[in-house]
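# Structure at a glance
One letter stands for each residue in the lines below.
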Amino acid sequence: MRTRAMFFMLFALMVSTVAAQLVETDADRKAMVKHPSFLTNKRLPNGAVYLPAPPDTASLRFFNDWAQYNWGKSVRGTERGRVAYAHASMNMDSILTGFAPALGCLITRDELPETYRLLEYVKNDACKATELAKEAYMRKRPFVQFSEHTLIPGSEASHASTGSFPSSHASTGWALALVLVELAPEHQDAILIHGYEYGQSRVIAGYHYQSDVDAGRLAASAAVARIHAEPDFLRQMAKACHEWEEFQRRGRQ
């Protein structure tokens, strides 16, 4: 009987916690205006709830993180390292330039405004999808943990006190890749490769562990699944698909 009562008490606590998370504030709505997106933080899946905790430093999973961190350092002086440096930018135009070879064209605000708007909103949702877990865990970044420099020393000061888990870069790259595959399924493999490697670049740069990047991709998948339930996303996706089809048709003429 005591076990049953405890179960219902925990269930009630969980429901009240979820309900509190779904209450939107004026600050949430203002954030959506400043960084336009399809969902507020309150309506995105909470990574602090569904993601597994980052590895303990005494675990085998952390040993893999350490091994991947050392692999990343070993390729910084190669062509892959130069690509990782370019991937550090979270500027929308820079990200789309990176996806251009996979798509066979460059998406710009002027030429494909509806598609650009769709991807800009998805990018912002993907970034927000990592925030609650970052705040909950506040995991040290690898370059802080090991007191070493990164591939991008100029960004170290601004990132040193921020959480490493999960990676918002990895979440962004993977979320955009998933949506771009819907727009251009004929390029799906190349798009997904780039979306994956965009996250791996953060391991090479020394700003994230492999487990941060893996969790970022999970956060992206959760966010993209959730925004597909939003009427605003579905309407914008329809506009982007029509615009993309027209763009492709003009290119074939």
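Residue positions are counted from 1 within each chain, in the order its sequence is given. Where local features are concerned, this predicted model is filtered to residues with pLDDT of at least 70; where side-chain atom pairs are given and counted, the filter is 80 or more; whole-chain, interface and lining totals use all residues. The side-chain figures draw on all heavy atoms in the structure; neither hydrogens nor water molecules are used.

### Some details on the overall build of the protein chain
- Here a helix means four or more residues in a row that DSSP labels H or I, a strand means two or more in a row labelled E, and each is numbered from the N terminus. A count of helical and extended segments in the protein chain gives 14 helices and 0 strands.
- Mapped from its N terminus to its C terminus, the protein chain presents α and β elements in the order α-α-α-α-α-α-α-α-α-α-α-α-α-α.
- By the convention used here, residues are in contact when the closest approach between their heavy atoms is within 4.5 Å. Long-range contacts, defined here as pairs at least 24 residues apart, represent 78% of the contacts in the protein chain between residues at least 6 apart.
- Note on areas: Shrake-Rupley, 1.4 Å probe, and residue coverage restricted to the protein chains presented here. A total of about 12,900 Å² of accessible surface is found on the protein chain, and carbon and sulfur atoms cover 60% of it.

### A look at the environment of Asn46
- Residue position: Asn46 is located in the loop between α2 (26-34) and α3 (47-50).
- Residues Asn46 and Ala129, 83 residues apart in the sequence, show an inter-C-alpha distance of 7.2 Å.
- Of note is the side chain of Asn46, whose polar atom sits 2.9 Å from the backbone nitrogen of Ala48. Two N or O atoms form a polar contact when they lie within 3.5 Å of each other; inside protein one atom must be a possible hydrogen donor and the other a possible acceptor, and for residues adjacent in sequence the pair counts only when both atoms belong to side chains.

### Remarks on the pattern of salt bridges
- Put simply, a salt bridge is a Lys or Arg side-chain nitrogen that is within 4 Å of an Asp or Glu carboxyl oxygen. Following the criterion strictly, the structure yields 13 salt bridges and no others.
- Put simply, Asp65 and Arg139 hold a salt bridge, and the shortest N to O gap is 2.9 Å. Linking Asp65 in helix α4 (residues 60-74) with Arg139 in the loop between α8 (131-137) and α9 (142-145), this pair joins segments that are 74 residues apart in sequence.
- Per-residue accessibility, obtained with a 1.4 Å probe over protein chains only, is compared with the maximum for each type, and a residue is labelled buried under 20%, exposed over 50%, and partly exposed between these values. For Asp65, a relative accessible area of 1% translates into the label buried.

### Section: the side chain of Glu243
- Looking at the secondary structure, you find Glu243 in helix α14 (residues 231-252).
- What Glu243 contacts, discounting residues up to four positions off in sequence, is Leu112, Pro113, Glu114 and Thr115.

### Let's talk about a nonpolar patch on the surface
- Patches here: salt-bridge-free residues with over 30% relative accessible area, like charges joined within 9 Å, nonpolar side chains (Val, Leu, Ile, Met, Phe, Trp, Tyr) joined within 5 Å. A cluster of nonpolar side chains, Leu60, Phe63 and Trp66, forms an exposed patch at the surface whose accessible area comes to about 390 Å².
- Topologically, Leu60 is positioned in helix α4.

### A look at helix α7 (residues 113-128)
- For α7, spanning 16 residues, the distance from its first C-alpha to its last is 23 Å, which sits close to the expected 22 Å at 1.5 Å a residue.
- Here α7 lies mainly inside the structure; 12 of its 16 residues are buried.
- Looking at α7, one finds that the buried residues are Thr115, Tyr116, Leu118, Leu119, Glu120, Val122, Lys123, Asn124, Asp125, Ala126, Cys127 and Lys128. Helix span is expected to be 1.5 Å times the residue number reduced by one.

### Quick notes on unusual backbone geometry
- The amide bond that connects Phe165 to the next residue, Pro166, takes the cis arrangement and shows omega of -5°.
- With respect to the secondary-structure elements, Pro166 resides in the loop between α10 (156-159) and α11 (168-183).
- Even without being glycine, Met138 reaches a positive phi, approximately 40°.
- Inspection of the secondary structure puts Met138 in the loop between α8 and α9.
- A relative accessible area of 44% means that Met138 is categorised as partly exposed.
- The backbone of Ser147 shows a phi angle near 50°, a positive value even though the residue is not glycine.
- For Ser147, the position within the fold is in the loop between α9 and α10.

### A look at the nonpolar core
- Here the nonpolar core consists of buried residues drawn from Ala, Val, Leu, Ile, Met, Phe, Trp, Tyr and Cys, with membership extended through side-chain atoms lying within 4.5 Å. In terms of nonpolar packing, the biggest core is built from 39 residues, with Leu103, Ile107, Ile191 and Trp244 touching the most fellow members.
- Mapped by element, the contributors of at least two residues to this core are α6 (92-103), α7, α11, α12 (188-205), α13 (210-227) and α14.
- Among the elements that take part in this core, α11 stands out by supplying 8 residues, more than any other.
- Setting aside anything within four residues of it in sequence, one finds Trp244 in contact with Leu103, Cys105, Ile107, Leu112, Thr115, Leu183, Ala184 and Glu186.
- Among the nonpolar cores identified, the runner-up in size contains 8 residues, and Val75, Leu151, Ile204 and Tyr207 belong to it.

### Focus: α4
- In this model α4 runs 21 Å from its N-terminal to its C-terminal C-alpha over 15 residues, within 8% of the 21 Å that 1.5 Å per residue would give.
- Among the residues of α4, Phe62, Asp65, Tyr69 and Gly72 are the ones counted as buried. For α4, the arc enclosing every buried residue in end-on projection is 70°, short of the 170-degree limit, so these residues lie on one face. More than 90 degrees from the buried face of α4, the exposed residues found are Leu60, Phe63 and Ser74.
- The inward-facing, buried residues of α4 abut α9, α12 and α13. Note that the arc is defined by the directions from the helix axis to the C-beta atoms.

### Structural notes on the packing of aromatic side chains
- Note on ring pairs: Phe, Tyr and Trp rings are taken, using the six-membered ring of Trp, and paired if centres are within 6.5 Å. Classes follow the plane angle, with under 30 degrees stacked, over 60 edge-to-face and the rest tilted. By the definition in use, this model includes 9 aromatic pairs.
- Arranged with centres 5.5 Å apart and planes meeting at 90°, the rings of Tyr137 and Phe165 form a pair that is edge-to-face. Placement of the pair is Tyr137 in helix α8 and Phe165 in the loop between α10 and α11, with a sequence separation of 28 residues.
- Pairing Phe146 with Tyr209 gives two aromatic rings, centres 6.5 Å apart and planes at 80°, and the pair type is edge-to-face. Residue Phe146 is located in the loop between α9 and α10, and its partner Tyr209 is located in the loop between α12 and α13; the two are separated by 63 residues in the primary sequence.
- A network of ring pairs unites the aromatic residues Phe62, Tyr69, Phe146 and Tyr209 as a single cluster.
- Here the guanidinium or amino end of Arg217 rests over the ring plane of Tyr196, the centre of that ring lying 3.8 Å away. To sit over a ring, a charge needs its Lys NZ or Arg CZ within 6 Å of the ring centre and within 35 degrees of the ring normal.

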